[in-house]
Amino acid sequence: NELVKIGQTVTVHPKKKFLAKGLGLLYEDGDLVVVDKPAGLLSVATAFETEDTVHAALKRHYHPRKVHVVHRLDQDTSG
């Protein structure tokens, strides 16, 4: 809905869908989900935290389908 002028640069980014607490959905198909994990969020459960994790959020979102972690990042790492 905007008029683009000669020499103007337009950048279009795909909309990022958020699943929970800044957990961005980058890609999904019938077999694979790729997410952007914020720093501070655990990838998988620990003895002290089982619900506030990427894995738990994906299990809630895709229930009743099974979710398996292929790669994980440390809690303080984003990506």
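Every value quoted in this text rests on a predicted model; they were computed, and no experiment measured them.

Participant: Can you help me understand the environment of Ser-43 in this one?
Facilitator: Here Ser-43 lies in the loop between β3 (33-36) and α1 (54-62). Using a relative accessible area of 9% as the deciding quantity, one classes Ser-43 as buried. Along the sequence, Ser-43 and Asp-74 sit 31 residues apart, while their C-alpha atoms lie 7.1 Å from each other. Excluding residues that lie within four positions of it along the chain, Ser-43 makes contacts with Lys-37, Thr-53, Val-54, His-55, Arg-72 and Leu-73. One polar contact links the side chain of Ser-43 to the main-chain carbonyl oxygen of Leu-73, over a distance of 2.8 Å.

Cut-offs and rules
Residues numbered from 1 in each chain as written. Predicted model: local features only at pLDDT ≥ 70, side-chain atom pairs only at ≥ 80, totals over all residues. Heavy atoms only, no water. Helix = DSSP H or I, 4+ residues; strand = E, 2+ residues; numbered from the N terminus. Buried < 20%, exposed > 50% of the residue type's maximum accessible area, 1.4 Å probe, protein only. Contact = heavy atoms within 4.5 Å. Polar contact = N/O pair within 3.5 Å; in protein donor to acceptor, adjacent residues only side chain to side chain.

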